[in-house]
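Analysis of the macromolecular model
Spelled out, the chains give:
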Amino acid sequence: METVAQRWALFHRWGPLALLGVGTLVALSAADAIGMSRRAEALAGALVGAALLLELGWHVVGRNRSTPGPASGCYYGLRWACGFTLTWLNPLFAFYAVIGYFSAERLLPRRVRKAGLLATAVTVAGSQAGGLPPRGGTGWLVFGAILGVNVLLLALFAHLAALEDARARAQAEAITELERTNGALQRALDENAALHAQLLVQAREAGVADERRRLAAEIHDTIAQGLTGIIAQLQVVAGAHDLTTARTHLERASALARHSLGEARRSVHNLVPVALASDGLPRALRSTVEEWSARTGVPARFTVTGTEEVPHDEISATLLRIAQEALSNTARHAGATRAGVTLSFMGDEVVLDIRDDGGGFDPAAVPARGRSGGFGLDGMRARAERVAGSLAVESEPGQGTAVSARVPLVRDDR
């Protein structure tokens, strides 16, 4: 667009001089054929000189004028008068007069622009009709018809120019709006960058807090339970009356200590529980239930229903930890004579149920976790919700307890 504007500026600057030169050469070369008299030729020469001085003067005076005004209107009128008179003397001087079509918008105020274009059309139509003035009725008829055609073309081109101007204005407004939108978008991006930095700080703080909670829960589920089991075995050893019984419980305490040490190391490194390192979830749960039963002396049964799948490590670890915590609570609080654990694969879900026939409790009356207390139900529920699952507890005093964890079956993609 800038290149086009520069070319139009070049045309408006040098075009009148070029067309004056072309018109003069063509008119003088055909002067004898047209029948110009010596007097007409002398007058034409004087008018060409006047037009040349006019163009050179405007070239200096009007160089920095960008809007129509009285000076530019006067220049347009003088130029039209020279072009009209030259065309009257020789129709071929219309080459110079036609410049009025291209400069009316630049030189004439809007209120006189149509009059200026009409005056130029009269000059051009006179040339096209064979010269001015028209001769006889037929000549006037031809002149009128040609003038009408010129006026219609002017109207058509004016309409097209108006449409083009409207399109250009709409395009300019769209560009302005786009620049404004881009500015707003850039500001939004800057704000988003600042917000992103703030969110990173908050996420880092949340990650630290979550990691602390994870380690606390892991320590509770591994080291604390292991130490509880070791203490229970050592208490049996302390009260044993024969060496065989004492050795058996010492071996169990030693196995629990090794198991708890491995769990502690893996918890620190955020790996899967020891039981899942070599076995899948069903076998790990079966081993956990059997070890718990052997340690507590409470008969326990493990059952798998549905088509076995291989859940993602996080899902398997979550269910195993919930089972360990629920069985630990049963051993500590329920006074149960039997327990059961069921793992159910149900399409897109995995359900873990832990039941016992112990003393039960009122779930609504469970106190909040204190400094000396375990993670208990809150910890199990938090684990289930961390993997988009849920935990339900059904219990009544004297009626036993049932804990049900339901989590989505996210399959292992390895």
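The text that follows walks through the structure, step by step, so that each part is easy to find. Here the structure is a predicted model, which is why all the values come from computation and not from measurement.

**Things to note about the nonpolar core**
Ranked by size, the top nonpolar core spans 31 residues in total, and within it Leu285, Leu319, Leu343, Leu352 and Leu391 carry the most contacts. Put simply, the parts of the chain that give this core at least two residues each are helix H11 (281–296), helix H12 (313–334), strand E2 (339–346), strand E3 (349–356), helix H13 (376–386), strand E4 (390–395) and strand E5 (401–408). Among the elements that take part in this core, H12 stands out by supplying seven residues, more than any other. Apart from residues no more than four positions distant in its own chain, Leu391 is found in contact with Ile322, Leu377, Met380, Arg381, Ala384, Val403, Ser404 and Ala405. Core analysis: the second largest hydrophobic core is formed by 15 residues, Leu54, Tyr75, Leu107 and Ala125 among them.

**Digging into a nonpolar patch on the surface**
Side chains of Val149, Leu153, Leu156, Phe157, Leu160 and Leu163 sit close together on the surface and give an oily, nonpolar patch of about 550 Å² of accessible area. With respect to the secondary-structure elements, Leu153 resides in helix H8 (residues 136–239). For Leu153, a relative accessible area of 38% corresponds to the partly exposed category.

**Section: the pattern of salt bridges**
Counted by the stated rule, this structure contains five salt bridges. A salt bridge links Asp357 to Arg338; the nearest nitrogen and oxygen atoms lie 3.7 Å apart. Placement of the pair is Asp357 in the loop between E3 and H13 and Arg338 in the loop between H12 and E2, with a sequence separation of 19 residues. In this structure, Glu349 engages Arg406 in a salt bridge whose closest nitrogen and oxygen atoms are separated by 2.9 Å.

**Things to note about unusual backbone geometry**
The step from Leu132 to Pro133 runs through a cis peptide bond, and the omega angle for that step is -5 degrees. Along the chain, Pro133 turns up in the loop between helix H7 (110–128) and H8. The phi dihedral of Ala388 falls on the positive side, at around 65 degrees, and the residue is not glycine. With respect to the element layout, Ala388 can be found in the loop between H13 and E4. Relative accessible area serves as the criterion here: at 64%, Ala388 is assigned to the exposed category.

**Some thoughts on the environment of Ser72**
With respect to the helices and strands, the residue Ser72 is situated in helix H4 (residues 70–89). Linking Ser72 and Gly62, residues 10 residues apart in sequence, is a C-alpha distance of 7.5 Å. When sequence neighbours within four positions are dropped, the list of residues in contact with Ser72 reads Trp58 and Leu107. For Ser72, the side chain forms a polar contact with the main-chain nitrogen of Gly69, separated by 2.8 Å. Within the local environment of Ser72, its side chain forms a polar contact with the backbone oxygen of Leu107, the two atoms lying 2.6 Å apart.

**Some details on the sheet that holds E4**
Strand order in the open sheet formed by five strands is E1-E2-E3-E5-E4, and the pairing between neighbours is mixed. The strands lining the two open edges of the sheet, one partner per strand, are strand E1 (300–305) and E4. On average, adjacent strands in this sheet sit at an angle of 10 degrees to one another, irrespective of strand direction. In this sheet, E2 lies alongside E1 in parallel orientation, the contact comprising six bridges. Across the sheet, Thr303 pairs through a bridge with Thr342, a residue of E2. Strands in contact with H11 are E1, E2 and E3; relative to E1, the strand with the most contacts, it is inclined by about 170 degrees. Here H12 sits on the sheet and contacts E2, E3, E4 and E5; the angle it forms with E3, its principal contact strand, is near 10 degrees.

The rules behind each value
All residue numbers here refer to positions counted from 1 along the written sequence of the relevant chain. Local features are withheld for residues below a pLDDT of 70 in this predicted model, meaning they are given only at 70 or higher, and side-chain atom pairs are given and counted only at 80 or more; totals for whole chains, interfaces and linings count all residues. The basis for every side-chain value is the complete set of heavy atoms in the structure, and neither hydrogens nor water enter the calculation. The nonpolar core is taken to be a set of buried Ala, Val, Leu, Ile, Met, Phe, Trp, Tyr and Cys residues, with the residues joined through side-chain atoms within 4.5 Å. Burial here depends on accessible area, computed with a 1.4 Å probe over protein chains only, as a share of the maximum for the residue type. Under 20% is buried, over 50% is exposed, and the range in between is partly exposed. Under the scheme used here, helices are H or I runs from DSSP no shorter than 4 residues and strands are E runs no shorter than 2 residues, and both carry numbers assigned from the N terminus. Contacts are residue-level and defined by heavy atoms, with any inter-residue pair within 4.5 Å sufficient. Like charges within 9 Å and nonpolar side chains (Val, Leu, Ile, Met, Phe, Trp, Tyr) within 5 Å are joined into patches, using only residues over 30% in relative accessible area that form no salt bridge. All accessible areas in this document rest on Shrake-Rupley with a 1.4 Å probe, and a residue is counted as covered only by the protein chains that are shown. Basic side-chain nitrogens of Lys or Arg form a salt bridge, by our definition, when they fall within 4 Å of a carboxyl oxygen of Asp or Glu. For this analysis, a polar contact is any N or O atom pair within 3.5 Å, provided that within protein one partner can donate a hydrogen and the other can accept it, and provided that sequence-adjacent residues contribute only side-chain to side-chain pairs. Any two strands with at least two DSSP-identified bridges between them are counted as paired. Working convention: axes come from line fits to C-alpha atoms, limited for helices to the stretch in contact. Angles between N-to-C directions cover 0 to 180 degrees.

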